[in-house]
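# Architecture and fold: a report
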Amino acid sequence: MRTVKEQEIRALAPNANAVANARKIWSGGGFVSLKRSQDDSFYMGECKGSGKNNYVVSADYIDEQHPVFRCSCPSRQFPCKHSLALLYEMAAGKDFDVTEIPGDILEKREKKEAREAKKNSGEKKPASEKSVKAAKAAKTKKIKKQLEGLEMLRQLTDRLVDNGLAAMGSVSLKTYRDLARQLGDYYLPGPLTWLNRLILEMEACQKDSDPSHYDEAVEILKKLRALEKKAEVYLNEKLANDSPEADDDQLYEELGGIWKLEQLNDLGLKKEQACLVQLAFQVTFDKARKEYIDRGFWVDVDTGEIFHTCNYRPVKALKYVKQEDSCFSLLKIPVLTYYPGSGNRRIRWDSAAYEEIPVPVFGQIMGKAYQDLPTAMKAVKNELKNTLSEGYCPIMVSYEEIGTAKTARGTVRGLKDHSGNQVKLQGLEGLEDTVSMIPLLPATPLYKEGILKEGVLFGLAFYDPKDHQMGIYPCSIIKRDGILRLLY
């Protein structure tokens, strides 16, 4: 019998409702028959439905990494709730009668194998010289359009700087909003996001007159001007070199490029046979982008590198985009694909196997953490020097103790490394409070050494301009027998 885990089922499901409905079918005895092939590559069953005829549901594992689900129900979801319910029957270890694989399934397998063979053979119809020239001309035209948009943006920010930021409390927002709408036609999603953030600060300033909005506006303007200057140089170089095609520069995506997995793999941005463990998971709302962002932080078990995954869910398309979820399994990934960049790179993969995390892996992860705060903070500062950074850097740092200390501003929670160095643990704007969760951590037999002594903290390190010092937003605590998350 094939082993199926709950995490795999949830990962395959199109949404949470499909999982809930599948569990109802499974727990309610919805299947009247269950069958499987002798080689465990094919599973099928008949499931009671709303019609007079049972639905025929199957799961074909001829390709281990990409199982094919089929169901005779009229649902447009894929996999449907009946397919997921079949997986729950498998996960529960139900008895499946051994049967022959149906003829129509064998025919579909043959057709799929033929398509894959043709694809892998590299037999592609060569693009005509005319179409190649047309594609290149379109990309060149797009770059010129982007440069026009950057010029508009520069004129607007120059005007704001010349008038002084103090004027933003009374300036008309219509001009900025009109430009934001126009930038949507100039293939500049990155600058557009930062402009929207600036507009939000202006709007907030006009409502409450809080001086802190000026500080935020200054930081946004710094990033906007830096992005504008770097983008101008980057785009002009592409025009001068007559190379409008995609490259491995971060600015390609920031300025409207959309990556495909095969493009990134062709650039060599990949690793084969990677093992990942998720350290933390967050769901945030980006008001400037009008999107929910499901962000997972992952560690490569072999190298200790920390990466992140992003799932963007625009408000206008929430019902069409599946929300990601926390992952508590060891992921074994045949091909892990990186996005361009350095430090906290974004990653993606096409398929993965979910396994229970062996206990020794937690100790292996702890061994990859920074052993002292000065070394950790030096690496963080180098990352934060990039004006276009997200303002934080994910790190794992070993600690002797997590405790409290009294300062002029009151009692604060902090981390002390094995050399006596300390850093403040504090919240990060836009993220849920995790510091207040630390004293609520349970004392359980699982963490025999004590949670707040001798462990590794995973968090987001950042510079706090108000206190003029570094701080860490705590996300999870890693011990030799498990990972305790402070959120999700």
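Structure: above.
Residues numbered from 1 in each chain as written. Predicted model: local features only at pLDDT ≥ 70, side-chain atom pairs only at ≥ 80, totals over all residues. Heavy atoms only, no water.

### Quick notes on the overall build of the protein chain
To be explicit about the condition: Strands are runs of DSSP state E lasting at least two residues, helices are runs of H or I lasting at least four, and both sets are numbered from the N terminus onward. Each residue is assigned to one of three classes by its accessible area relative to the maximum for its type, calculated with a 1.4 Å probe on protein chains only: buried under 20%, partly exposed between the two thresholds, exposed over 50%. In these tables, accessible area is a Shrake-Rupley quantity obtained with a 1.4 Å probe, and a residue counts as shielded only by the protein chains included in the view. In summary, the charge assignment counts Lys and Arg as positive and Asp and Glu as negative, without counting His or the chain termini. Charge coordinates come from a single atom per side chain, which is NZ of Lys, CZ of Arg, CG of Asp or CD of Glu.
Assigned secondary structure in the protein chain consists of 12 helices and 17 strands. Taken over the C-alpha atoms alone, the protein chain extends approximately 75 × 70 × 40 Å along its principal axes. For the protein chain, the residues scored as buried account for 43% of the 488 residues in total. As displayed, the protein chain offers around 26,300 Å² of accessible surface, 50% of which is attributable to carbon and sulfur atoms. Taking the average place of the 73 positive charges on the side chains of the protein chain and the average place of its 70 negative ones, the gap between the two points comes to 4 Å.

### As for the packing of helix α7 (residues 189-208) against helix α8 (residues 212-240)
Basically, it comes down to this: Interaxial angles span 0 to 180 degrees and are taken between N-to-C directions of axes, which are lines fitted to C-alpha atoms, for helices over the stretch in contact. Should an angle fall under 35 degrees it is called roughly parallel, over 145 degrees roughly antiparallel, and 65 to 115 degrees roughly perpendicular, with every other angle called oblique. The hand of a helix crossing depends on one turn: near helix anticlockwise from the far one by less than a right angle means left-handed, and clockwise means right-handed. Note on definitions: a residue-residue contact is assigned when non-hydrogen atoms from the two residues lie within 4.5 Å.
Look at α7 against α8: their axes get within 10 Å of each other, and the N-to-C directions meet at 165 degrees. It follows that α7 is roughly antiparallel to α8 by the angle criterion. Considering only the axes of α7 and α8, their crossing is left-handed. Here Gly-190, Pro-191, Trp-194, Leu-195, Arg-197, Leu-198, Glu-201, Ala-204, Cys-205 and Asp-208 of α7 come into contact with α8, specifically with His-213, Tyr-214, Glu-216, Ala-217, Ile-220, Leu-221, Lys-223, Leu-224 and Leu-227.

### Some points on the pattern of salt bridges
Here is the rule we go by: Throughout this description, the term salt bridge denotes a Lys or Arg side-chain nitrogen within 4 Å of a carboxyl oxygen of Asp or Glu.
One pass over the full model with this rule turns up 28 salt bridges. Close ionic contact of Arg-109 with Asp-60 constitutes a salt bridge, the shortest N to O distance being 2.8 Å. Placement of Arg-109 in helix α4 (residues 103-120) and of Asp-60 in strand β3 (residues 55-60) is noted, with a sequence separation of 49 residues between them. Comparing Arg-109 with Asp-60, the two get one shared label, buried. Counted as one network, the salt bridges with shared partners bring together Glu-151, Arg-154, Asp-158, Arg-225, Glu-228 and Glu-232.

### As for the packing of helix α2 (residues 16-27) against helix α3 (residues 81-91)
Where α2 meets α3, the closest approach of the two axes is 8 Å, and the angle between their N-to-C directions is 55 degrees. As far as their axial angle goes, α3 and α2 are oblique. Both α2 and α3 take part in a crossing whose hand is right-handed. For the pair α2 and α3, the contacting residues are Ala-18, Val-19, Asn-21, Ala-22, Arg-23, Ile-25 and Trp-26 in the first and Lys-81, His-82, Leu-84, Ala-85, Tyr-88 and Glu-89 in the second.

### Things to note about the sheet that holds strand β4 (residues 68-71)
Selection criterion: For two strands to count as paired, DSSP must find a minimum of two bridges between them.
The five strands lie next to each other as β4-β3-β2-β1-β5, forming an open sheet whose pairing is mixed. Edge positions in the open sheet fall to β4 and β5 (97-98), since each of these has one partner strand only. Pairing between strand β2 (residues 42-47) and β3: six bridges, direction antiparallel. In the strand pairing of β3, Met-44 is matched with Ser-58.

### With respect to the nonpolar core
So the rule is basically this: Residues belong to a common nonpolar core when they are buried Ala, Val, Leu, Ile, Met, Phe, Trp, Tyr or Cys residues joined through side-chain atoms within 4.5 Å.
Membership of the largest hydrophobic core comes to 46 residues, with the highest contact counts inside it found for Leu-195, Leu-198 and Leu-331. For this core, the secondary structure elements donating two or more residues are α5 (129-163), α6 (173-183), α7, α8, α9 (250-254), β6 (270-286) and β9 (330-338). The greatest single-element share of this core, amounting to eight residues, is contributed by α8. Look past the residues within four positions of Leu-198 in its chain and what remains in contact with it is Leu-160, Ala-217, Ile-220 and Leu-221. Leu-279, Phe-362, Met-366 and Phe-458 belong to the second largest nonpolar core, which has 27 residues in total.

### What about the environment of Ser-172?
Note that Ser-172 resides in the loop between α5 and α6. The partly exposed category is assigned to Ser-172, whose relative accessible area is 44%.

### A few points about the packing of aromatic side chains
Geometrically, a pair of aromatic rings is defined through the distance of the ring centres and the angle of the planes. Put simply, the rule is: The criterion for an aromatic pair is that two Phe, Tyr or Trp rings (for Trp, the six-membered ring) have centres within 6.5 Å, with stacked assigned to planes under 30 degrees apart, edge-to-face to planes over 60 apart and tilted to the rest. Note on geometry: a ring has a charge over it if NZ (lysine) or CZ (arginine) is within 6 Å of the ring centre and within 35 degrees of the ring normal.
Applying the stated criterion across every chain yields a total of seven aromatic pairs. Ring centres of Phe-297 and Phe-458 lie 5.7 Å apart, and the angle between their planes is 55 degrees; this geometry places the pair in the tilted category. In this pair, Phe-297 is assigned in strand β7 (residues 291-300) and Phe-458 in strand β15 (residues 453-464), connecting sequence segments 161 residues apart. You'll find Phe-297 and Phe-458 in the same group, each marked buried. Residues Phe-307 and Tyr-338 carry aromatic rings whose centres are separated by 5.3 Å and whose planes lie at 40 degrees to one another, so their mutual orientation is tilted. One end of the pair, Phe-307, is in strand β8 (residues 306-314); the other, Tyr-338, is in strand β9, and 31 residues separate them in sequence. There is no split in this pair, since Phe-307 and Tyr-338 are both buried. The positively charged end of Arg-2 is found above the aromatic ring belonging to Tyr-61, 4.1 Å away from the centroid. Its end group placed over the ring of Trp-194, Arg-197 keeps NZ or CZ at 4.7 Å from the ring centre.

### A closer look at the environment of Gly-49
With respect to the helices and strands, Gly-49 occurs in the loop between β2 and β3. With relative accessibility at 35%, the residue Gly-49 sits in the partly exposed group. For the pair Gly-49 and Phe-31, spaced 18 residues apart in sequence, the C-alpha to C-alpha distance is 9.5 Å.

### Notes on the side chain of Asp-417
Applied cut-off: In protein, a polar contact means a hydrogen-donor-capable atom and an acceptor-capable atom, both N or O and within 3.5 Å, with residues adjacent in sequence counting only if both atoms are side-chain atoms; elsewhere, any N or O pair within 3.5 Å suffices.
Positionally, Asp-417 belongs in the loop between β13 (410-416) and β14 (422-425). A polar contact of 2.8 Å, which involves the side chain of Asp-417, links it to the backbone nitrogen of Ser-419. A distance of 2.9 Å separates a polar atom in the side chain of Asp-417 from the backbone nitrogen of Gly-420. Once residues within four sequence positions are removed from consideration, Asp-417 is found in contact with Gln-371, Asp-372, Leu-373, Pro-374, Ser-398, Tyr-399 and Glu-400.

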